[in-house]
Amino acid sequence: EIEEATCWHRRFVLAERDRWREEISDQELCEDLPPDRKLPAPPQGAGFPRCWALIAGAQRRDFLGDELRFAGQGVVEARSCLLSLVPNHEVDWKWAWNEDRSGIRLTCYAWQEGTATACGEYVLLVQRSKDAGFILRGPEGLTLCSREKTEEEHVYRRYAQLSIPRGIQELLQPVALGTARTPLTLPSSLTSFERLAAHRLASELGLEHGSVGVGLKRRLLVWRQEDILQEELLHGEEDEDPSESSGDDT
């Protein structure tokens, strides 16, 4: 019993220490938690990429939810996440830790006649959120939070092998069986991958489906073919996001 209590106490202390630490390692910054089980002995840097979702400071409202990725050798895949800092898609970004590792130094490079010239430098401070996760805060209200993805999503993004999450199946199967009222509005908290999976499953089940809203407010509607969908539900909203059907990350 003493040994068990000691082990429990040590686990608690270690968990609390981890909860309040402010520094993150290169691997935590760049790689997500689920391992790539398809690799027998994954080398360093071969894990699934960690994505940082843009939750504030977007150049446009529909850019909210877009994701940024850090990779080895200072590579940054920014998409639209940094357009509020430099409103130009034709630039490259590089990252490096600042001296005390309290933040990430982002340097913007513009190309002219084959030569890259630094045209801006910004710092994203590493902080802990209320739920103990990590967030990155920069100028212009720019805020990104770490979004851990499921192994199903990582496998789909890397190997194009789609496995429908159980939660999506449990939502749509009652609609197909006629035991749930429609139209069914799926939560806006679903990720782009979960919406993609829902679109695919709805098609397999013979259900009608479409997306409405933009950015973090985007949500999916599902209904049976024989149902009459009220026009105002889709009136003035966007149709299904092509990127959700094609499999691109949004």
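Quick caveat: nothing in here was measured; it's all calculated off a predicted structure.

Q: Would you mind showing me how to read the packing of helix α3 (residues 151-159) against helix α5 (residues 192-204) here?
A: With their axes 10 Å apart at the nearest point, α3 and α5 run at an angle of 80° to one another. Compared by their axis directions, α3 and α5 come out roughly perpendicular. Judged by residue contacts, E152, E153, Y156 and R157 of α3 engage S192, F193, L196 and R200 from α5. Per-class residue counts for the contact of α3 with α5 are three nonpolar, one polar and four charged.

Q: Just checking my understanding: could you explain the packing of helix α4 (residues 166-177) against α5 for this structure?
A: Geometry of a packed helix pair, given as the angle between the helix axes and the separation of the axes. Running from amino to carboxyl end, α4 crosses α5 at an angle of 40°, the nearest separation of the two axes being 10 Å. Classified by the interaxial angle, the pair formed by α4 and α5 is oblique. The crossing of α4 and α5 is right-handed. Of the residues in α5, those touching α4 at I168, Q169 and L172 are E194, A197, A198, L201 and A202. Here the residues of the contact of α4 with α5 are counted per class, giving six nonpolar, one polar and one charged.

Q: Whenever I open this one, α3 confuses me. Can you help?
A: Every α-helix carries 3.6 residues per turn, so stepping three or four residues along brings you back to the same face. Buried within α3 we find E153, H154, V155 and Y156. Note on α3: the residue one or two positions beyond its end, A160, has a positive phi of about 60°.

Q: Whenever I open this one, a negative patch on the surface confuses me. Can you help?
A: A contiguous patch of negative charge on the surface is contributed by E22, E23, E99 and D100. Turning to its location among the elements, E22 is positioned in the loop between α1 (2-20) and α2 (26-30).

Q: Got a minute to help me understand the confidence of the model for the chain in this structure?
A: Should the pLDDT be low somewhere, the predicted coordinates at that spot are not to be read in detail. Summary statistics for the chain give a mean pLDDT of 83 and a share of 81% for residues scoring 70 or more. Between residues 235-250, whose pLDDT stays under 50, and residues either more than four places distant or in other chains, the model counts 46 contacts.

Q: Looking at this structure, I do not really get the environment of R69. What am I missing?
A: Position of R69 relative to the elements: it lies in strand β2 (residues 67-70). Each C-alpha atom of the pair R69 and L29 lies 8.6 Å from the other, and the pair is 40 residues apart in sequence.

Q: I'm lost on the nonpolar core in this one. Help?
A: Across soluble globular proteins, nonpolar side chains have a tendency to be buried as a group. The biggest cluster of nonpolar side chains holds 28 residues, and the ones touching the most others in it are L29, F70, W93, W95, I104, L106 and L144. Taken together, the elements giving at least two residues each to this core come down to α2, β1 (51-56), β2, β4 (91-97), β5 (103-112), β6 (115-128) and β7 (134-137). Element by element, the count of residues in this core is highest for β4, at four residues. Apart from the residues within four sequence positions on either side, L106 is in contact with F70, V76, L82, W93, K94, W95, G120, E121, Y122 and L124. Listed in part, the 13 residues of the second largest apolar core include V175, L190, A202 and L207.

About the criteria used
Residues numbered from 1 in each chain as written. Predicted model: local features only at pLDDT ≥ 70, side-chain atom pairs only at ≥ 80, totals over all residues. Heavy atoms only, no water. Axes fitted to C-alpha atoms, helices over the stretch in contact; angles between N-to-C directions. Helix = DSSP H or I, 4+ residues; strand = E, 2+ residues; numbered from the N terminus. Parallel < 35°, antiparallel > 145°, perpendicular 65-115°, else oblique. Contact = heavy atoms within 4.5 Å. Nonpolar A, V, L, I, M, F, W, Y, C, P; charged D, E, K, R; others polar. Left-handed = near helix turned anticlockwise from the far one by under 90°. Buried < 20%, exposed > 50% of the residue type's maximum accessible area, 1.4 Å probe, protein only. Patch = residues over 30% accessible without salt bridge, like charges linked within 9 Å, V, L, I, M, F, W, Y side chains within 5 Å. Areas by Shrake-Rupley, 256 points an atom, 1.4 Å probe, with all protein chains shown as cover. Salt bridge = Lys/Arg side-chain N within 4 Å of Asp/Glu carboxyl O. Lys, Arg positive; Asp, Glu negative; His and termini not counted. Charge placed at Lys NZ, Arg CZ, Asp CG, Glu CD. pLDDT = per-residue confidence, 0-100. Core = buried A, V, L, I, M, F, W, Y, C linked by side-chain atoms within 4.5 Å.

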